[in-house]
Amino acid sequence: MITLIQQIIEDVYSNHKDLNEGEVATYIPELGKANGSHFGICLASVDGQVFSVGDWEQEFTIQSICKPFAFQMALEERGRDATLQHVGVEPSGDPFNSIELDPRTMRPYNAMINAGAIAIASLIKKDPVEAGVQAFVEKMGQAAGRTLRIDEAVLFSESVTGNRNRAIAYLMLNCGIIDAGVEASLRQYFSQCSLLVNCRDLAMMAATLANMGVNPVTKERVFDFEYIRDVLTVMFTCGLYDYAGEWAYRVGLPAKSGVGGGIIGVVNRQVGIAVYSPRLDDKGNSVRGIAACKEIAAHLGLHAFEFTNVGSSFMQWLNES
Ligand code: GLN
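Now for a quick tour of the structure. (Residues numbered from 1 in each chain as written. Predicted model: local features only at pLDDT ≥ 70, side-chain atom pairs only at ≥ 80, totals over all residues. Heavy atoms only, no water.)

1. Description of the overall build of the chain
Next, step 1: The number of helices and strands found in the chain is 13 helices and nine strands.
Next, step 2: Expressed as lengths along the three principal axes of its C-alpha atoms, the size of the chain is roughly 60 × 40 × 35 Å.
Next, step 3: Of all 321 residues assigned to the chain, the portion counted as buried reaches 60%.
Next, step 4: In the chain, the proportion of contacts linking residues at least 24 apart, taken out of those at least 6 apart, comes to 69%.
Next, step 5: Of the side chains in the chain, 26 bear a positive and 37 a negative charge, and the two mean positions are spaced by 2 Å. (Helix = DSSP H or I, 4+ residues; strand = E, 2+ residues; numbered from the N terminus. Buried < 20%, exposed > 50% of the residue type's maximum accessible area, 1.4 Å probe, protein only. Contact = heavy atoms within 4.5 Å. Lys, Arg positive; Asp, Glu negative; His and termini not counted. Charge placed at Lys NZ, Arg CZ, Asp CG, Glu CD.)

This is the structure we're talking about:
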């Protein structure tokens, strides 16, 4: 028998599968090879149940969805005060690749935009660079519950074309935000963005955040609980760049999108949501991803300030399944 949640995500899938607006990202040439018709949805609950539909097994690069997880790692390694000397927690209201720092502090506005993520990459990089990349890949594998790897073609493609990010990095070197290992920081950042994941991986990573840092299936403690609140807050206010306010208003969940076409949402202590569809709007967010998340959140009453299903709405739906 098909469960209620499975039926709901299948309905959401069919409601949006013919939505063909948006364009696959091409500014990183290798991303242009993605199939625009791909569309997958996956939900992973904190009690370890997984619901998937469509192209949920299709791998793609995580891109900016690496940013909250790298921020978590920096907080764990450096602590709050030291990390926040290099990055703020204010929404910028500007595109993800803006070449700007907060003029009052000279820090990047937050860790969800490129400048902040490069600053964070410089904090968690190691010597040699491969060691820092490996530490990130392993941590993400623990959160996903399987071994993950880097897409070398995407990494190469972004490394040779990513001069805008290089400009941001050198601006931050000039302002004392990152150290002189600029190319190493960029290598760490580009590698993080090139991690291959599928919808199930992302849903499980989101569910690990929702589950206070413990992977709901493997039961492994992946993240330090102390900093998850920090990460979810910045995801809530900054996760969708210059769409962040609109997203918080309409969907009401901590979330993060990436130009690979992925998007995650976290329902605290309940469920991780992931959608993949590579056609993006002009802000770099997945068109079907946003549409599907809006419908899932509205249908299940998941908005953080939803009054009708106070507190435990997703778990109530599960119980009714
Ligand atoms: N690697 C991409 C970049 O730096 C990530 C951007 C994104 O996903 N929004 O441009």
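2. With respect to the site of the ligand
Next, step 1: By nearness alone, 13 residues border the ligand, and Tyr27, Gln63, Ser64, Glu158 and Tyr189 come closest of all.
Next, step 2: Between Tyr27 and the ligand, the recorded distance is 2.5 Å, taken from a side-chain N or O atom to an oxygen atom.
Next, step 3: Between the ligand and the protein, one listed contact pairs a nitrogen atom with a side-chain N or O atom of Gln63 at 2.6 Å.
Next, step 4: When the ligand is considered free in solution it has 300 Å² of accessible area, and contact with the protein chains removes 99% of it. (Near = heavy atom within 4 Å. Polar contact = N/O pair within 3.5 Å; in protein donor to acceptor, adjacent residues only side chain to side chain. Areas by Shrake-Rupley, 256 points an atom, 1.4 Å probe, with all protein chains shown as cover.)

3. As for the nonpolar core
Next, step 1: Core analysis: the largest hydrophobic core is formed by 101 residues, its most contacted members being Ile41 and Leu43.
Next, step 2: Top element by residues in this core is helix α9 (residues 199-210). It accounts for nine residues.
Next, step 3: Setting aside its immediate chain neighbours within four residues, Ile41 contacts Ile9, Val12, Tyr13, Phe51, Ser52, Val53, Trp56, Cys199, Ala274, Val275, Ala292 and Ile296.
Next, step 4: Within the second largest apolar cluster, ten residues are counted, among which are Ile28, Leu31, Ile113 and Val259. (Core = buried A, V, L, I, M, F, W, Y, C linked by side-chain atoms within 4.5 Å.)

4. Focus on the side chain of Asp201
Next, step 1: Residue placement: Asp201 occurs in helix α9.
Next, step 2: We classify Asp201 as buried; its relative accessible area is 2%.
Next, step 3: Apart from residues lying up to four places away in sequence, Asp201 is in contact with Ala144, Arg146 and Leu148.

5. Here we look at helix α10 (residues 225-238)
Next, step 1: Taking 1.5 Å per residue, 14 residues should reach 20 Å; α10 reaches 21 Å between its end C-alpha atoms and fits that length.
Next, step 2: For α10, the full list of buried residues reads Tyr227, Ile228, Asp230, Val231, Leu232, Val234, Met235, Phe236 and Cys238.
Next, step 3: Where α10 is buried, its residues contact α2 (66-78), α3 (80-84), α9, α11 (244-250), β6 (255-257) and β7 (262-267).
Next, step 4: Capping the start of α10, Asp224 holds a side-chain oxygen 3.0 Å from the backbone nitrogen of Glu226, two or three residues further along. (Expected span 1.5 Å × (residues − 1).)

6. Quick notes on helix α8 (residues 182-193)
Next, step 1: If you check α8, its first and last C-alpha atoms are 17 Å apart, about what twelve residues at 1.5 Å a residue would give, namely 16 Å.
Next, step 2: Of all twelve residues that make up α8, nine are buried, and the element is covered over most of its length.
Next, step 3: Within the span of α8, buried status applies to Val182, Ser185, Leu186, Gln188, Tyr189, Phe190, Ser191, Gln192 and Cys193.
Next, step 4: Buried residues belonging to α8 abut β4 (60-61), α2, α4 (114-124), α5 (129-144), α6 (152-161) and α7 (163-174).

7. Focus on the packing of aromatic side chains
Here the distance between the centres and the angle between the planes together describe a pair of aromatic rings.
Next, step 1: Going through the model one piece at a time under the given rule, you end up with seven aromatic pairs.
Next, step 2: Between Tyr13 and Phe39, the ring centres sit 5.0 Å apart and the planes meet at 15°, which makes this aromatic pair stacked. Highlighted residues: Tyr13 in helix α1 (residues 4-16) and Phe39 in the loop between β1 (23-24) and β2 (40-45), separated in sequence by 26 residues.
Next, step 3: Pairing Phe60 with Tyr276 gives two aromatic rings, centres 3.9 Å apart and planes at 5°, and the pair type is stacked. One end of the pair, Phe60, is in strand β4; the other, Tyr276, is in strand β8 (residues 271-276), and 216 residues separate them in sequence. Summarising the burial analysis for this pair, Phe60 and Tyr276 share the class buried.
Next, step 4: One aromatic cluster is present, built from ring pairs that chain together Tyr27, Phe96 and Tyr241. (Phe/Tyr/Trp six-rings, centres within 6.5 Å; stacked < 30°, edge-to-face > 60°.)

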